[in-house]
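An overview of the molecular structure
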Amino acid sequence: MSSESLAPKASAWKGKGKAVDARYSQFVDLYPVITYRHVLSQNLGVKDPLRVVALCDSDAFYAACEMNRLGVSPDQPLVVLQWDSLIAVNYAARKFGISRMDKKNDAIKRCPHLKVVHVATYKEGEAEPGYWDDVDTNTHKVSLDYYRRESMKIAALFRELLPGCEVEKASIDEAFIDFTKPVREKLLERYPYIANVPSDAPMGADSPLPSPPVDWEVKGTVVPVHPPPPETKTDGQEEGKQTEASPSLNEEPGLFELHFEDDDATTWHDVALSIASELMMKARQEVLTRLGYSTSAGVSRNKFLAKLAASYRKPNGQSVLRNSAIPNYLIPMPFQKIRFLGGKLGKALAEAYDVSTVGDLLHISLEEIQRKFGEESIWVYELLRGIDRSEVKDKGTTLTKSMLASKNLPKPITQASEGYHWIRVLAAELALRLNDARQISPNLWPKTIVLHARKGYEAGRSKQAPFPFAKEVTVDYIANAGSKLWKELVGNTSTMKVSSVQLSFTGIDVSEAGQKTIEGFLRVKPPSKRAREEEEAAANGPGVLSRLHQVATTSSDNRTRVEEEQAEKDTSGSGLSYTCPKCQKVLRPSPSAAPGPAFQNGEDRASFVAALQLEHEDWHFAQDLMREDSAPNGGKRIVPGQTQGNKTKKRKKEATGIEKFFMKK
DNA sequence: CACCTCCAT
DNA sequence: GGATGGAGGTG
């Protein structure tokens, strides 16, 4: 098809015709021939011409969480606060012109009956995050845990409701869903005449399917193939203002003319989209009735387009983007709103060519863009043309692969002791979250622990270390590891001005049989099946939450309580114990009663005693650090009674004592 | 593996 | 902007 034959007849924009058509010609493969082989194949992956992907995201998710938690009515304007900033604004509140990044007081001015909820926080001296009246960023730490849990409920419900679909949780409030497989089944079920290659088919299985039904209906809003020009667009639509992502053209009216013959004709892919849309609609309805979350979804041929389509109508909208509607949907789109182009790359593109829309960039050849932005920018080139080969990866129920607890310090800290305080707070949160996750997946183990800190205006720096497996991950265990990293990263220079601290676990995974339990790590004994069962029992026991009074108290107070707890638990009379040469404290393993592990033999017990010793020594280490830091002439310090060394910095490299313990044995 | 950069919500 | 999370690059 030449551009001549496709040129719209309107003469008003004559002269632009060629350029416009050039852009349309960039969209290829919008109408692939679909054959019997295609419908009957199972594993075509991203090449599948019948591929259908949806993106479903929760509307104003944090706000919705709070509305459900508090049982407020859907039309009650509500915002969620983090310190003085709005992090979520429900749609009722948006009607008052309130938006994120308004300040609290501005929002209340616009809507006096606004419900203002501050996000849950950890508060010094409290066992768990909660909703307090007196939030203070100087003493509290935000907790997003409630939202994470609600998010997991939604994802779990999608998985339950959509068997055969791949479900990829993309963020706390979004999931991609690949409907290809169930849609193919339903397609064959509804249209059995495409399930068998006719004997007279000219090319056998490679013959095109017969024409699809013309009477297709779609649940949801179909993005128009030919959007009306802005002038004639009906305004005041039921759901309020059009979202920003909705196409709106200011120029080049010819854009909306017919550019492909029969581009409105239904294709088998359209039928596939409508089936997926139906399934998506039902699932969203269930999420709404069962969990109370309103969502918006987009359905299209790949992840990128599904995501864009989802923004077409919100809230509580569902939009279907057909292949035929892709060009007119993409061409006017400001490309910096596209996923991956919202950052530096998008900015670079905009500046390199002094343009802003997808259509503008369609003039750039692949060679040109690769010359300026590198070989890999082919994916940008394709993205602009509606092509996205990325797959929907069901990461299983596996929780996240990392856990980050972070705190921006309103007043940069200058004392190391403050650093240790915050590390302890962050460690307490990580302990809570990891142990929590272990209730669902008992053997979770973070491979490394990472500390990030930012000094003043410098870029953040980080230090990391392996995180030895421990069945029982305590606040101290984490805080001590974090404190060592702090020492390496920040030291105790008096000039420190640390403005942000982040403590995280990475490489979280289920520890497999071959990997290190504490026994394995210490080479005493491979983990037995029995041991794993016990571990599971312990993880499911009453322990996790009840032990959380370790959270966010001062270091020494907290430690005392932990130690006391362990001492109290010690009724086993095992005879195997460790007496700290420094403080005379006696460490013994717990009895078999939950929540501590039970031991089958002396070696297990010895391992655990060793772990206790390690923890204990680490505690002394941290204590010494703090004493050193708060001492008027920091740097002087003595480690009495320790066989291994008295140099702070080398502590990590030397035998930790626990190794010796086992070597000796 | 250690550390950093970029992107996103 | 703050609190998270994921991917990927580089030595």
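Residues numbered from 1 in each chain as written. Chains lettered and ligands numbered in written order. Predicted model: local features only at pLDDT ≥ 70, side-chain atom pairs only at ≥ 80, totals over all residues. Heavy atoms only, no water.

1. Here we look at the protein's contact with DNA strand B
The immediate surroundings of DNA strand B are formed by 17 residues, with Asp173, Phe340, Arg461, Ser462 and Gln464 found nearest. At the protein interface, 87% of the atoms of DNA strand B within 4 Å belong to sugar or phosphate. The contact in question runs from a phosphate oxygen of DNA strand B to an N or O atom on the backbone of phenylalanine 340, over 2.4 Å. A distance of 3.1 Å separates a phosphate oxygen of DNA strand B from a polar atom in the backbone of glycine 342. Those elements giving two or more residues to the surface near DNA strand B turn out to be helix 12 (344-353) and strand 14 (461-466). By residue number, the principal contributor to the surface near DNA strand B is strand 14, which donates five residues. Partitioning the surface near DNA strand B into residue classes produces five nonpolar, six polar and six charged. (Near = heavy atom within 4 Å. Polar contact = N/O pair within 3.5 Å; in protein donor to acceptor, adjacent residues only side chain to side chain. Helix = DSSP H or I, 4+ residues; strand = E, 2+ residues; numbered from the N terminus. Nonpolar A, V, L, I, M, F, W, Y, C, P; charged D, E, K, R; others polar.)

2. Some remarks on the protein's contact with DNA strand C
Around DNA strand C lies a shell of 19 residues, among which Ile87, Lys141, Ser402, Leu404 and Arg433 are the nearest. Sugar and phosphate atoms form 84% of the subset of DNA strand C atoms that lie within 4 Å of the protein. Between DNA strand C and leucine 404, the relevant distance is 2.7 Å, taken from a phosphate oxygen to a main-chain nitrogen or oxygen of the residue. Interatomic distance of 2.9 Å between a backbone N/O atom of asparagine 408 and a phosphate oxygen of DNA strand C.

3. Things to note about the sheet that holds strand 2 (residues 78-82)
Read from one edge to the other, the open sheet built from three strands follows the order 3-2-4, with strand pairing classed as mixed. Because the sheet does not close on itself, it has two edges, and the strands there are strand 3 (85-89) and strand 4 (115-118). The average angle at which neighbouring strand axes cross in this sheet is 35°, direction not considered. For strand 2 and strand 3, the ladder comprises four bridges, and the chain directions are antiparallel. Note that in strand 3 the partner of valine 80 across the bridge is alanine 88. (Pairing = 2+ DSSP bridges. Axes fitted to C-alpha atoms, helices over the stretch in contact; angles between N-to-C directions.)

4. Brief notes about the confidence of the model for chain A
On average, chain A scores 77 in pLDDT, and the residues at 70 or more come to 69%. The low-confidence segment residues 513-575, where pLDDT is below 50, has 112 contacts with residues more than four positions distant or belonging to other chains. Note that pLDDT drops below 50 for residues 591-610; the model gives that stretch 55 contacts with residues more than four away or on any other chain. (pLDDT = per-residue confidence, 0-100. Contact = heavy atoms within 4.5 Å.)

5. Looking at the domain arrangement of chain A
The domain architecture assigned to chain A consists of domain 1 (31-226 + 265-331), domain 2 (335-397) and domain 3 (402-511). A straight line from the C-alpha centre of domain 1 to that of domain 3 covers 34 Å. Each partner contributes to the interface: domain 1 provides 13 residues, whereas domain 3 provides 13 residues. A buried area of about 1000 Å², summed over both sides, lies between domain 1 and domain 3, and 52% of it is on carbon and sulfur atoms. When the buried area of domain 1 at its contact with domain 3 is split by residue, Tyr122, Asn138 and Lys141 rank highest and sum to 47% of it. Taken together, the links from domain 1 to domain 3 amount to three salt bridges. (Domains from an automatic or database assignment. Buried area = accessible area lost by both parts, 1.4 Å probe. Salt bridge = Lys/Arg side-chain N within 4 Å of Asp/Glu carboxyl O.)

6. Focus on unusual backbone geometry
The linkage connecting lysine 314 with the following residue, proline 315, adopts the cis geometry, with an omega of -10°. Within the fold, proline 315 resides in the loop between helix 10 (303-310) and strand 11 (318-320). Even without being a glycine, aspartate 29 presents a positive backbone phi close to 65°. Secondary-structure assignment places aspartate 29 in the loop between helix 2 (17-24) and helix 3 (36-40). One non-glycine residue, alanine 60, lies in positive phi territory at about 40°. Within the fold, alanine 60 resides in the loop between strand 1 (53-58) and helix 4 (61-70). Note on alanine 60: relative accessible area 14%, which makes it buried. (Buried < 20%, exposed > 50% of the residue type's maximum accessible area, 1.4 Å probe, protein only.)

7. Remarks on the pattern of salt bridges
Using the criterion set out here, one finds 28 salt bridges in the structure. Among the ionic pairs, arginine 69 bridges to glutamate 66, the shortest N-O distance being 2.7 Å. Of the two residues, arginine 69 and glutamate 66 are both situated in helix 4; the distance of three residues between them amounts to about one turn of the helix. Among the residues examined, glutamate 66 registers a relative accessible area of 0% and is labelled buried. As a salt-bridge pair, aspartate 394 and arginine 159 come within 3.5 Å of each other at their nearest N and O atoms. Within this pair, whereas aspartate 394 is found in the loop between helix 15 (378-383) and strand 12 (402-413), its partner arginine 159 is found in helix 7 (residues 145-161), the two being separated by 235 residues in sequence.

8. Observations concerning the nonpolar core
Val80, Phe158, Phe179, Leu187, Trp268 and Met280 are the most contacted members of the largest nonpolar core, which totals 52 residues. Per element, the largest residue contribution to this core is 10 residues, and it comes from helix 9 (residues 268-291). Those residues in contact with valine 80 that lie beyond four places of it in its chain are Tyr62, Ala63, Glu66, Ser85, Leu86, Ile87, Ala88, Val117, Val119 and Tyr147. Of all hydrophobic cores here, the second largest spans 41 residues; its members include Trp422, Ala437, Tyr477 and Trp486. (Core = buried A, V, L, I, M, F, W, Y, C linked by side-chain atoms within 4.5 Å.)

9. Comments concerning the pairing of strand 10 (residues 295-300)
With six of six residues buried, strand 10 lies mostly within the body of the structure. Of the strand pairs in this sheet, strand 1 and strand 10 are connected by six bridges, and their pairing is antiparallel. Among the inter-strand pairings, serine 58 is bridged to a residue of strand 10, identified as threonine 295. By the bridge criterion, three bridges tie strand 10 to strand 11 in an arrangement that is parallel. The residue bridging valine 299 from the neighbouring strand is valine 320, located in strand 11. Note on the crossover from strand 10 through helix 10 to strand 11: the handedness is left-handed. (Right-handed = clockwise from strand over helix to strand, strands pointing away.)

10. A closer look at the environment of glutamate 174
By the element assignment, glutamate 174 lies in strand 8 (residues 174-178). Glutamate 174 sits 118 residues away from cysteine 56 along the chain, and the two C-alpha atoms are 5.6 Å apart. If near-sequence neighbours (up to four positions away) are discounted, glutamate 174 is found in contact with Leu55, Cys56, Asp57, Glu168, Lys169 and Lys307.

11. Some points on the packing of helix 12 against helix 14 (residues 366-373)
Relative to each other, helix 12 and helix 14 sit at 115°, their axes nearing to 12 Å. Both helix 12 and helix 14 take part in a crossing whose hand is right-handed. Counted together, Leu345, Ala348, Leu349, Ala352 and Tyr353 of helix 12 and Glu368, Ile369, Lys372 and Phe373 of helix 14 form the full contact between these two elements. For the contact of helix 12 with helix 14, the class distribution of residues is seven nonpolar, no polar and two charged. (Left-handed = near helix turned anticlockwise from the far one by under 90°.)

12. Side note on the environment of alanine 156
Mapped onto the elements, alanine 156 comes out in helix 7. On the accessibility criterion, alanine 156 (43% relative accessible area) is partly exposed. The spatial distance from the C-alpha of alanine 156 to the C-alpha of alanine 276 is 19 Å, given a sequence separation of 120 residues.

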